[in-house]
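# Understanding the architecture of this molecule
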Amino acid sequence: PTVVVRGNASDPVGDVALVEVRVNMGPWEPANGTALWHATIRVAVGENRIEARARDRTGHVSDIAAVLVEYHAPPNVAPTASFNVTPGQGNVETEFLLDASPSVDPDGAPGELEVRWDWESDGVWDTPWSLDRIARHRFQGPGTYVVRLEVRDPAGATATVAVSVRVW
């Protein structure tokens, strides 16, 4: 994340030639402007020390002005699990296509969601975690099966959804 810092710089005997800023003892970077200046700074989670200094045209450097900025990452939002089954019903020879592409992670990248499947909703996950959101499955006998999908985001938050599939 970034923050914008702004300030005023002056020199009682001349003009300010350059304002520089740095964060957490990193390298000095030029700010935009001189008397009225601003800079966009990238901060890390936790406490960040942002420093600024000015130079006049003769090369004299001002004292360092510093401010502490504490950044707290927003809390992780759990994903939403959703999937489609094609066809919606079939017989014991039907290969069902299960597509978890509708699952979303509101604060993550789409390709980072992991999925796993429980074909009979018996509490035992039948597949390991995978980034592949497409699965194919044949059911062994007739009946109505409740298929469960669990999705997990990179921060470890999970969501589960179940859909019934009729097999004759």
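As shown above, the structure is provided for reference.
Structure report, in brief.

So, how was this worked out
Residues numbered from 1 in each chain as written. Predicted model: local features only at pLDDT ≥ 70, side-chain atom pairs only at ≥ 80, totals over all residues. Heavy atoms only, no water. Pairing = 2+ DSSP bridges. Helix = DSSP H or I, 4+ residues; strand = E, 2+ residues; numbered from the N terminus. Axes fitted to C-alpha atoms, helices over the stretch in contact; angles between N-to-C directions. Phe/Tyr/Trp six-rings, centres within 6.5 Å; stacked < 30°, edge-to-face > 60°. Buried < 20%, exposed > 50% of the residue type's maximum accessible area, 1.4 Å probe, protein only. Salt bridge = Lys/Arg side-chain N within 4 Å of Asp/Glu carboxyl O.

In space, the three strands of this open sheet follow the order β7-β9-β11, with antiparallel pairing throughout. In this open sheet, the two edge strands, each paired with only one partner strand, are β7 (84-86) and β11 (134-137). Recorded for the sheet is a direction-independent mean angle of 20° between the axes of neighbouring strands.

Our focus in this paragraph is the packing of aromatic side chains. Summed over all chains, the structure comprises four aromatic pairs. On the basis of an interplanar angle of 25° and a centroid distance of 4.4 Å, the ring pair of F139 and Y145 is categorised as stacked. Take Y145: its relative accessible area is 17%, and that puts it in the buried class. An aromatic cluster of at least three residues, connected via ring pairs, comprises F83, W117 and W119.

Looking now at the pattern of salt bridges. If you walk through the whole model with that rule in mind, you get seven salt bridges. The salt bridge partner of E20 is R55, with a shortest N-O separation of 3.5 Å. A residue pair is termed long-range when its members are at least 10 positions apart, and E20 in strand β2 (residues 16-23) and R55 in strand β5 (residues 46-56) qualify at 35 residues. When its relative accessible area of 11% is taken as the criterion, E20 is described as buried. For R55, a relative accessible area of 27% corresponds to the partly exposed category. Here D118 ties to R148 by a salt bridge, and the two come within 3.3 Å at their closest N and O atoms. Of this pair, D118 sits in strand β10 (residues 114-118) while R148 sits in strand β12 (residues 143-152), and the two are 30 residues apart along the sequence. Looking at D118, the relative accessible area reads 0%, which means it is buried. Three or more residues joined by partner-sharing salt bridges are found here, namely E20, R53 and R55.

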